[in-house]
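What the coordinates show
What follows is the residue order along each chain.
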Amino acid sequence: MLEIESASFSRPWTEQHFQYEIDSPFGHPMVALADNGTLTGYLCLKLVLDEAEILDVAVGNSHRGKGIGRLLVQWALDFSREHGASVLFLEVRAGNAEAIALYRSFGFRESGRRKNYYDNGEDAILMEMPVCRQSEENHAV
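Because the structure is predicted, anything quoted here is derived from the model rather than measured.

1. Focus on the sheet that holds strand E2 (residues 39–48)
- Strand order in the open sheet made by the 6 strands is E1-E2-E3-E4-E6-E5, with mixed pairing throughout. Here the strands that pair on one side only, and so sit at the sheet edges, are strand E1 (27–33) and strand E5 (109–114). Taking each pair of neighbouring strands and ignoring which way they run, the sheet shows an average axis angle of 25°.
- One ladder, built from 5 bridges, connects E5 with strand E6 (residues 124–130); its direction is antiparallel. Each residue of the ladder has a partner; that of Glu110, found in E6, is Met127.
- Contacts from helix H2 (residues 15–23) reach E1, E2 and strand E3 (51–59), with the element oriented near 110° to E1.

2. Notes on the packing of aromatic side chains
- Taken as a whole and judged by the stated rule, the model has 5 aromatic pairs.
- Judged by centre distance (5.0 Å) and plane angle (90°), the ring pair of Tyr117 and Tyr118 falls under edge-to-face.
- The class for Tyr117 is partly exposed, based on a relative accessible area of 34%.
- Here the aromatic residues Trp13, Phe18 and Tyr42 are joined through ring pairs into a cluster of three or more.
- A cation over a ring is seen here: Arg93 above Tyr118, with NZ or CZ 3.8 Å from the ring centre.

Quick notes on the rules
- Residues numbered from 1 in each chain as written.
- Predicted model: local features only at pLDDT ≥ 70, side-chain atom pairs only at ≥ 80, totals over all residues.
- Heavy atoms only, no water.
- Pairing = 2+ DSSP bridges.
- Helix = DSSP H or I, 4+ residues; strand = E, 2+ residues; numbered from the N terminus.
- Axes fitted to C-alpha atoms, helices over the stretch in contact; angles between N-to-C directions.
- Contact = heavy atoms within 4.5 Å.
- Phe/Tyr/Trp six-rings, centres within 6.5 Å; stacked < 30°, edge-to-face > 60°.
- Buried < 20%, exposed > 50% of the residue type's maximum accessible area, 1.4 Å probe, protein only.
- Lys NZ or Arg CZ within 6 Å of the ring centre and 35° of its normal.

Here it is in structure tokens:
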């Protein structure tokens, strides 16, 4: 995970940060493995009361473009729905068009910006989407 994290982000999470999320009662990390057991990607989800947030998600360079990120985000949505979340949040670099397109394809909408958030002055886009439990979807008009 640390190798993928370091290759994916200018300010990567540390081993201690990952361990904190693994140990947290609110943390719900998920990994994606290839058939041979190789780690291809991961997602760290936080769920507190009825709010869920994707804190970190990355796919290894050699595994990008194969739908792994989509599978991880779908898992986060399903897990959030099954555990009573009403909304799922995330933040993404404004220049990460590929990730933004993926999130929009799931129904995430921009809900705000953090100006000059990253070291290089790039904005962070805040995105969110409502998450309904299966039983609520069946009764929706």
